[in-house]
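# Observations on the model geometry
Read off the chains here:
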Amino acid sequence: MNKLPALYPLKFTPILKEKVWGGTKLARFFNKDESDNNQHIGESWEISGLEDAVSTVSNGALKKQGLSKLIARYKAELVGEKVYTRFGDTFPLLFKFIDAHQDLSVQVHPGDELAKKRHDSFGKTEVWYIVNAEKDARLILGFNTPMTETRYLKFLSEGKISDILHEEPVTAGNAFFIAPGTVHAIGKGILLAEIQQTSDITYRIYDWDRPDINGNMRTLHTDLAKDAISYNNIEAKIAYTDTEDKIIPLKSLPYFETNKLNLTKRFKRDLKKIDSFVVYMCTDGEAVLQTETGSETIKKGETVLIPACFASIIIDSTSATLLEVYIP
């Protein structure tokens, strides 16, 4: 039997998604390719294991290999013992960059229990990190007044849903936890990084009465959404203190741990206690990720997966902002 190539820092070919609300920032800020001069690229799926959108490796000896097949071949060596025992050949997270040239639809995601019952799927828990925000940019996060299902449905039926939505102003560097059940929308003028469970289940509540890219009105999911919504106040904004050359914890969840690094010098990251793959998303600057089997440059707008088999890595940079994500 042929011996498998040694693992190394893995890059993947971005999967670009055209959206009615998308723009050109993924190309202008991150050099993502926009074929045929497309003006509406809303999402770049950086690492995905979803069945109809499996990422393929773009660097090194495993180039063009699909993520799902890699997990099946390398198992715990790639994702970690604990992760492989829990998820098998399924990659449990989805990493994206999102460009909201216009407001996204107002929506809600189900949690694990409801998603399993209705769709035999994971729920959808998300963390957002704001990379760039235009003046007066805002997110929609929950309600601006005490809410019940009855009151919510009344405002919705009267076409007044926007009257009860809480708007949160944002600037670059803000981070947010979007728990299942949180009514939310990304507002226009925002470029962000998104880390989420592997799920593509969205219940669309309101879409600003606009047609999609083909001129059709998008489906609303009123009945599905009402049972998924959390009508209690949710504190979504993540409080943290920026510092240099240290691990900055952003959000610790059962599904994934998210940290931030602002690097100005060579940094050794001990991974011995992390029984998981580690993903780095670069939101500014650039760095070189070095392992014993090889190194890979990560630039603004790029994402790299470090396989679980490495006990440590060296991150060499004079100026980089990275998001670090792994399964606890």
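Our structure's up above, just so we're on the same page.
Residues numbered from 1 in each chain as written. Predicted model: local features only at pLDDT ≥ 70, side-chain atom pairs only at ≥ 80, totals over all residues. Heavy atoms only, no water.

### Notes on the overall build of the protein
On a plain count of helices and strands, the protein comes out with seven helices and 21 strands. Over its C-alpha trace the protein gives a radius of gyration of 20 Å, about what one expects of a compact globule, namely 20 Å for 328 residues. Along the first, second and third principal axes, the C-alpha set of the protein runs to 65 × 40 × 40 Å. Among the 328 residues that make up the protein, the fraction classed as buried is 54%. For the protein, long-range pairs separated by at least 24 residues make up 75% of all intrachain contacts whose partners lie at least 6 apart in sequence. Accessible area of the protein: about 15000 Å², with a carbon and sulfur share of 46%. (Helix = DSSP H or I, 4+ residues; strand = E, 2+ residues; numbered from the N terminus. Rg over C-alpha atoms; globule rule 2.2 N^0.38 Å. Buried < 20%, exposed > 50% of the residue type's maximum accessible area, 1.4 Å probe, protein only. Contact = heavy atoms within 4.5 Å. Areas by Shrake-Rupley, 256 points an atom, 1.4 Å probe, with all protein chains shown as cover.)

### A short note on the pattern of salt bridges
Tallying each qualifying case throughout the model produces 18 salt bridges. Among the salt bridges present, the one from Arg 118 reaches Asp 227, with a minimum N-O distance of 3.4 Å. Here the residue Arg 118 occupies a position in helix H5 (residues 112-119), and Asp 227 occupies one in helix H7 (residues 222-228), the gap between them amounting to 109 residues. A salt bridge links Asp 270 to Lys 272; its shortest N-O distance comes to 3.2 Å. Given a relative accessible area of 41%, Asp 270 falls into the partly exposed group. (Salt bridge = Lys/Arg side-chain N within 4 Å of Asp/Glu carboxyl O.)

### Focus: the packing of aromatic side chains
Going through the model one piece at a time under the given rule, you end up with seven aromatic pairs. Judged by centre distance (4.7 Å) and plane angle (35 degrees), the ring pair of Phe 91 and Phe 277 falls under tilted. Here Phe 277 lies in the loop between strand E17 (267-270) and strand E18 (278-291) and Phe 91 lies in the loop between helix H4 (81-87) and strand E6 (93-100), a separation of 186 residues in the sequence. Considered together, Phe 91 and Phe 277 belong to a single accessibility category, that of buried residues. Ring pairing ties together the aromatic residues Phe 143, Tyr 152 and Tyr 231, which thus form one cluster. (Phe/Tyr/Trp six-rings, centres within 6.5 Å; stacked < 30°, edge-to-face > 60°.)

### Re helix H6 (residues 149-157)
Taken together, the buried positions of H6 are occupied by Tyr 152, Phe 155 and Leu 156. For H6, the angular spread of buried residues about the axis comes to 100 degrees, placing them on one side. Facing away from the buried side of H6 by over 90 degrees, the exposed positions are Thr 150 and Ser 157. Those residues of H6 that are buried are in contact with strand E9 (138-143), strand E14 (203-206) and H7. Phi turns positive, to about 70 degrees, at Gly 159, one or two residues after H6. (Arc of directions from axis to C-beta.)

### A look at the pairing of strand E13 (residues 190-197)
Working note: regular strand, side chains alternate between the two faces of the sheet. Within E13, eight of the eight residues are buried, which leaves it mostly tucked inside the rest of the structure. Relative to E13, E6 runs antiparallel, the two being bridged by eight bridges. Residue pairing across strands places Leu 94 opposite Gln 196, the latter belonging to E13. Relative to E13, strand E8 (residues 126-133) is paired through seven bridges, and the arrangement is antiparallel. In the strand pairing of E13, Ile 130 is matched with Leu 192. (Pairing = 2+ DSSP bridges.)

### Some remarks on the environment of Lys 265
Tracing the chain through its elements places Lys 265 in the loop between strand E16 (257-263) and E17. For the pair Lys 265 and Asp 316, spaced 51 residues apart in sequence, the C-alpha separation works out to 6.5 Å. With near-sequence residues (within four places) excluded, Lys 265 lies in contact with Asp 245, Ile 315, Ser 317 and Thr 318.

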